[in-house]
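Residue-level structural notes
Chain by chain, the residues run as shown.
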Amino acid sequence: MLRSIPAFFLLLLGQMTIAQTAVPPVTFNFEKAELESHLMYLASDELGGRRTTSEGGAMAAAYIAKAFESYGVKPVPGMDGYFQNIPFNDVHPPLSGSLTLGETTFTLNENMLILKGGKLETTATAVFAGHGWVDQEAGVDDYAGLDVKGKVVFVLPGSPGAQGPMEVFEAMKDKQIIAAERGAVALFELYRLNFPWQFFKNYFGKDRLEVAREKADGGAGLVYGWLKEGTPNPVAELEKGAVMQVQFTTTGIGTKQLEAANVVGLIEGTDAVLKNEYLVLSAHYDHVGIGKEGGAPYTETDSIFNGARDNGMGTVALMAAAKELAANPPKRSVLLLACTGEEMGMLGSAWFVDNPPVPLEQMVYNLNNDGAGYNSTEHITVIGLERTNVDELLYDAAKNSGLQITGDPAPGQNLYERSDNISFARKKIPAIDVAPGITEMNEAVFQYYHQAADNPDTIDYDYLLRFSQTYTRMARMIANMEGKPAWTPGDKFED
Ligand SMILES: [Zn+2]
């Protein structure tokens, strides 16, 4: 890590050494044994890998809330206790479905996916509608002059000029609403994207959990799916203006309403002014569950993905910080967020920032805690170094705990966008992720990452204590810092 610290930091390190002597020894009100008992419970077989909406997940949430209460952490005014309940849909793909256009028949889970919609059997007119996008401000209306009432609409993926994975994903809901509002009975996006259809199919072709949103598809009953074109390609004819009929049938998706909760707590700050600013400490407590749900090999004797490292360690560090900061509150207020749904795509933290218990503009920083395990107990890893103005404090805190900071161990893998800090960053709130020490992504990490072997009896608890102390120290220093936490000028998330 030292290798990548810019000269400016080396200079700072020099200065920090000076500052170091001034920092009084810090004590913590949590012990190793206490943290061990938390992790032994949260990552126990009894909790069955804490999958979102599972009973084990709910038991973990109850355990964390009880601990918050015992530390004197308060519920946020206006919330119903410590739980921010999130409605989920457990979505099961249709049992069967086919679409015939011209001479070509598309078959469910081969070259066709159905993501939304009930049972439908129809012969209708096919319509091609560009991207199926409408943005009056930008002067875009792909439905101008088209009558799609009672028809089946075919569109290009994403929105004009936005075909990145996230953009395509985010455009899905709006495109359904746009088509449904115009009376279409079905909408199919054409899979013309440069990432493998197999991945897409694996994700959308199996049971999945989604956050239930009121305005998911606007008009009830719109069937929504994706087609993977081949040769011959009848859609190309449609695009050229051919008038075609389509025969379409599906048994429809199955949806079951479920629920899971974020656990949220408040520690009010001591400074008359700064207490109106909130540092958000977050860690996801959910993991992937049991057996097939885990998405990795398992055995008859061990089919539970206990998630001691991911993210049992982060959750315990969050609880430790809660206990210490509740007993000795810092100047700024602290919001504690133990979120669910991270393994499903940061669904819990996205819900939190979409339904914030305090105004987003008062949330001045997010210090997320989530990791993939560790291969060094001499280090602590920070994903997002140099992206905000708190690095000096982070180095200081780590040094005082006898740990060294390492940066992103796998820059090419987009780790910054693969945990809950991203939900805050998307709202322009400066955010980073703190994780147990990884100097490189190697076997020491992979043998446990999302593996059934990630059990609590394989954890170094002396390290968990030091890791939790460092995280707590980082939190306190940011909550007490003079200036305002901020993005490094020019960061892509900077407002
Ligand atoms: Zn995680």
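What counts, and at which threshold
- Residues numbered from 1 in each chain as written.
- Predicted model: local features only at pLDDT ≥ 70, side-chain atom pairs only at ≥ 80, totals over all residues.
- Heavy atoms only, no water.
- Helix = DSSP H or I, 4+ residues; strand = E, 2+ residues; numbered from the N terminus.
- Rg over C-alpha atoms; globule rule 2.2 N^0.38 Å.
- Contact = heavy atoms within 4.5 Å.
- Areas by Shrake-Rupley, 256 points an atom, 1.4 Å probe, with all protein chains shown as cover.
- Lys, Arg positive; Asp, Glu negative; His and termini not counted.
- Charge placed at Lys NZ, Arg CZ, Asp CG, Glu CD.
- Pairing = 2+ DSSP bridges.
- Axes fitted to C-alpha atoms, helices over the stretch in contact; angles between N-to-C directions.
- Parallel < 35°, antiparallel > 145°, perpendicular 65-115°, else oblique.
- Nonpolar A, V, L, I, M, F, W, Y, C, P; charged D, E, K, R; others polar.
- Core = buried A, V, L, I, M, F, W, Y, C linked by side-chain atoms within 4.5 Å.
- Buried < 20%, exposed > 50% of the residue type's maximum accessible area, 1.4 Å probe, protein only.
- Phe/Tyr/Trp six-rings, centres within 6.5 Å; stacked < 30°, edge-to-face > 60°.
- Lys NZ or Arg CZ within 6 Å of the ring centre and 35° of its normal.
- Donors = N, O, S within 2.8 Å, 3.2 Å for Na, K, Ca; no water.
- Tetrahedral: all angles 85-135°; square planar, octahedral: opposite > 155°, others 65-115°.
- Domains from an automatic or database assignment.
- Salt bridge = Lys/Arg side-chain N within 4 Å of Asp/Glu carboxyl O.
- Polar contact = N/O pair within 3.5 Å; in protein donor to acceptor, adjacent residues only side chain to side chain.

**Comments concerning the overall build of the protein chain**
Across its full length, the protein chain carries 12 helices and 21 strands. Rg of the C-alpha trace for the protein chain: 25 Å, near the compact-globule value of 23 Å for 495 residues, within the 12% margin. With respect to the three principal axes, the spread of C-alpha positions in the protein chain is 80 × 55 × 45 Å. A fraction of 84% describes how many contacts in the protein chain between residues 6 or more apart in sequence connect residues 24 or more apart. Counting every atom, the protein chain has about 20800 Å² of accessible surface; 54% of that belongs to carbon and sulfur. Between the averaged position of the 39 positive side-chain charges in the protein chain and that of its 63 negative side-chain charges there is a distance of 2 Å.

**Examining the pairing of strand 5 (residues 120–128)**
Where strand 5 and strand 12 (residues 245–250) come together, 6 bridges link them in antiparallel fashion. Paired with Ala-124 across the strands is Val-246, a residue of strand 12. Bridging between strand 5 and strand 8 (residues 152–155) involves 3 bridges; their strand directions are parallel. The partner of Phe-128 across the bridge, within strand 8, is Phe-154.

**Focus on the packing of helix 2 (residues 32–42) against helix 12 (residues 461–480)**
Viewed as axis vectors pointing N to C, helix 2 and helix 12 meet at an angle of 105°, and their least axial separation amounts to 9 Å. When the axis of helix 2 is compared with that of helix 12, the two are roughly perpendicular. Along its contact with helix 2, which presents Lys-32, Leu-35, Glu-36, Leu-39 and Met-40, the element helix 12 presents Tyr-461, Asp-462, Leu-464, Leu-465 and Ser-468. Classifying every residue of the contact of helix 2 with helix 12 gives 6 nonpolar, 1 polar and 3 charged.

**Side note on the nonpolar core**
Counting 66 residues, the largest nonpolar core has Leu-281 and Leu-367 as the members making the most contacts within it. Not counting the four nearest positions on each side in its chain, Leu-281 is found in contact with Leu-318, Ala-321, Leu-325, Val-334, Leu-335, Leu-336, Leu-337, Leu-367, Tyr-471 and Ala-475. In this structure, Leu-113, Trp-133, Tyr-143 and Leu-187 belong to the second largest nonpolar core, which totals 26 residues.

**Focus on the packing of aromatic side chains**
Counted under the stated rule, the structure contains 19 aromatic pairs. Relative to Tyr-463, the ring of Tyr-374 lies with its centre 5.2 Å away and its plane at 45°, an arrangement referred to as tilted. Residue Tyr-374 is found in the loop between strand 18 (363–369) and strand 19 (379–383), and its partner Tyr-463 is found in helix 12; the two are separated by 89 residues along the sequence. Put simply, the rings of Phe-169, Tyr-191, Phe-195, Trp-197, Phe-200, Phe-204 and Trp-226 pair up and form one aromatic cluster. For the cation-ring pair, Arg-182 lies above Tyr-143, with the distance from its terminal atom to the ring centre recorded as 5.3 Å. Directly above the aromatic system of Tyr-416 lies the positively charged group of Arg-387, at a separation of 4.2 Å from the ring centroid.

**Quick word on the side chain of Glu-34**
Along the chain, Glu-34 turns up in helix 2. Residues within four places of Glu-34 in sequence aside, it is in contact with Asn-29 and Lys-323.

**Digging into the coordination of the zinc ion**
Within the protein, His-284 (NE2), Asp-310 (OD), Asp-370 (OD) and Asp-370 (OD) serve as the donor atoms for the zinc ion, at 2.0 to 2.7 Å. One can describe the donor arrangement at the zinc ion as irregular, given that its 4 donor atoms subtend angles of 51 to 146° at the metal. In terms of primary sequence, the donors binding the zinc ion are separated according to H-x25-D-x59-D. With His-284 in strand 14 (residues 278–284) and Asp-370 in the loop between strand 18 and strand 19, the pair connects residues that are 86 residues apart, well separated along the chain. Exposure class is identical for His-284 and Asp-370. Each is buried.

**Focus: the domain arrangement of the protein chain**
Splitting the protein chain by domain gives domain 1 (32–90 + 257–480) and domain 2 (94–252). Using only C-alpha atoms to locate each centre, domain 1 and domain 2 end up separated by 37 Å. The interface of domain 1 with domain 2 comprises 13 residues on the first partner and 9 residues on the second. Across the contact surface, domain 1 and domain 2 share 0 salt bridges. Across the contact surface, domain 1 and domain 2 share 2 residue pairs in polar contact (both at pLDDT 80 or more). If you list the elements that add at least two residues to the side of domain 1 that touches domain 2, you get strand 1 (83–92) and helix 8 (347–354). Partitioning the side of domain 1 that touches domain 2 into residue classes produces 7 nonpolar, 3 polar and 3 charged.

**A look at the pattern of salt bridges**
A side chain of one charge can pair with a side chain of the opposite charge if their charged atoms are brought near each other. For the coordinates displayed, the defined rule picks out 20 salt bridges. We note a salt bridge from Glu-268 to Lys-275, for which the minimum N-O separation is 3.6 Å. With a relative accessible area of 30%, Lys-275 lands in the partly exposed category. Connected through salt bridges with shared partners, the residues Lys-116, Arg-208 and Glu-210 form a single ionic network.

**Description of the sheet that holds strand 12**
With mixed pairing, 8 strands are arranged side by side in an open sheet as 3-2-12-5-8-9-11-4. The open sheet has two edge strands, strand 3 (104–107) and strand 4 (112–116), and neither has a second partner. Taking the axes of each pair of neighbouring strands and ignoring which way they run, one obtains an average angle of 25° across the sheet. Two strands pair when backbone bridges link them, and strand 4 and strand 11 (residues 223–227) are joined in this way by 4 bridges, in the antiparallel orientation. Bridge pairing links Leu-113 to Trp-226 in strand 11. On top of the sheet, helix 4 (residues 165–181) reaches strand 4, strand 8, strand 9 (186–190) and strand 11; it is set at about 150° to strand 9, its chief contact. Seen against the sheet, helix 5 (residues 197–204) touches strand 4 and strand 11 and runs at an angle of roughly 40° to strand 4.

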